[in-house]
Amino acid sequence: MSIESFANQHVLELVAYQPGKPIEETARELGLNPHDIVKLASNENPLGPSPKAVEAIARAAAGVNIYPDGAAFRLRSAIAEFCGVEFGQTVVGTGSSEVIELICHALLNPRAEVVAAKHAFSMYPIMSKLFGAAYVEVPNKEDWTHDLDGFLAAITENTRVVFITNTTNPVGTVVLSHEEMEMLVDVAQKHDLFLIGDEAYREFSDNPPDTLKFVREGRNVVVLRTFSKAYGLAGLRVGYGIAPEPVCSMLHKARAPFNLHVLAQEAALAALEDREHVRRTVENNKEGMRFYEQAFREMGLEWIPSQGNFILVKVGRGKQVFQDMLARGVIVRAQDGYGLPEWIRISVGTPAENARCIEVLKEVL
């Protein structure tokens, strides 16, 4: 008997998530020194974690024989204070990806529909299809922002979840204005569906909409944030959601016990308090973005102005450019999986990493 005969059909039809290529794997495959490889593929913090987070991990390490606080009380209390919401309006997960999964557990079924932009985080369709829901993509406008009219037209009586990503990955644009968000929230309330505001890159954005006010008002909104990007804790997997208390209560029922280990909780607590590290991270990102834009301008390349910690640039045969750069020890991200075969996405690194990336990009082009 084959696995296909009794496996969950929704799982069989999925395409697995493809992360940025790891440094160690690249070194093994190409015979390179891992210390000579520059990874600019996964939108990680090039400055590393907050030193305060590293110290917190060291202090907590001796206690890993004890189960962590399953309710993550101290971390959730700090998040609630930071966001200006109530403790009961918070939920934490192993990255915001787990919170997305909890939302799908709680809200989706085979009769449900999910609406999102065409070029959006690949976990949205993966999780939606895992639960048997129909996934509806709305093309972006010419300026790469979300088409509000397209979203409104895509909503039906079966729609249960609408994903809005500010700043959107991989494109890098802030996709809806304050007024458009307000309008979409009103529609979500009217049609009894949930608007999910994914804000993984909020710290890098100049003027993102204030989505937390909708949560405070008790509207049908869930805000997703993460410690993986600006806070530099990608390897620990810490994300959180802010939602009306009845929604959070439902999400807590769907999560695994002790879903956030003690080192992750302590590191996130320390990182949240280290505003200076976040400030330096954002400043490094702005400097790097200016560097890339100037380089692309001089090279005659088309790019999309980004408010994330990455930038999308049109290079022709994106996958070939990715492979050629990989062979020279610089890892970027091909975008064929997002339906953008002529583009690559480059994460902003340190000044030295950015310079190396452009040097290699010029070579392969």
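Just so you know, these numbers come straight off a predicted model, no measurement behind them.

> How do you make sense of the overall build of the protein when you look at a structure like this?
Helix and strand content of the protein: 14 helices and 13 strands. Against the compact-globule benchmark of 21 Å for 365 residues, the protein has a radius of gyration of 21 Å, which places it among compact chains. With the C-alpha coordinates of the protein rotated into their principal frame, the extents come out at 55 × 55 × 50 Å. A buried classification covers 54% of the 365 residues belonging to the protein. Contacts in the protein between residues far apart in sequence, at least 24 positions, make up 72% of those at least 6 positions apart. Carbon and sulfur atoms make up 52% of the accessible area of the protein, which amounts to about 16300 Å² in all. Each charge sign in the protein was given a centre, from 36 positive and 47 negative side chains, and these centres are 2 Å apart.

> Would you mind going over the packing of helix α4 (residues 73-83) against helix α11 (residues 262-273) with me for this structure?
Each packed pair of helices is defined by two parameters, the angle between the axes and the distance between the axes. Following both chains from N to C, one finds α4 and α11 inclined at 25°, their axes separated by 9 Å at the closest point. Judged on the interaxial angle alone, α11 and α4 are roughly parallel. By crossing handedness, the relation of α4 to α11 is classed as left-handed. Listed contacts from α11 to R74, L75, A78, I79 and F82 of α4 are Q265, E266, A268, L269 and L272. Along the lines of polarity and charge, the residues of the contact of α4 with α11 split into seven nonpolar, one polar and two charged.

> Is there a simple way to think about the pattern of salt bridges in this case?
Side-chain pairs of opposite charge can arise where the charged atoms are in close proximity. Counting across every chain of the model gives 14 salt bridges. Across the salt bridge formed by K39 and E44, the nearest N and O atoms sit 3.1 Å from each other. Given a relative accessible area of 31%, E44 falls into the partly exposed group. Through salt bridges with shared partners, a single ionic network connects K21, E25 and E29.

Conventions and cut-offs
Residues numbered from 1 in each chain as written. Predicted model: local features only at pLDDT ≥ 70, side-chain atom pairs only at ≥ 80, totals over all residues. Heavy atoms only, no water. Helix = DSSP H or I, 4+ residues; strand = E, 2+ residues; numbered from the N terminus. Rg over C-alpha atoms; globule rule 2.2 N^0.38 Å. Buried < 20%, exposed > 50% of the residue type's maximum accessible area, 1.4 Å probe, protein only. Contact = heavy atoms within 4.5 Å. Areas by Shrake-Rupley, 256 points an atom, 1.4 Å probe, with all protein chains shown as cover. Lys, Arg positive; Asp, Glu negative; His and termini not counted. Charge placed at Lys NZ, Arg CZ, Asp CG, Glu CD. Axes fitted to C-alpha atoms, helices over the stretch in contact; angles between N-to-C directions. Parallel < 35°, antiparallel > 145°, perpendicular 65-115°, else oblique. Left-handed = near helix turned anticlockwise from the far one by under 90°. Nonpolar A, V, L, I, M, F, W, Y, C, P; charged D, E, K, R; others polar. Salt bridge = Lys/Arg side-chain N within 4 Å of Asp/Glu carboxyl O.

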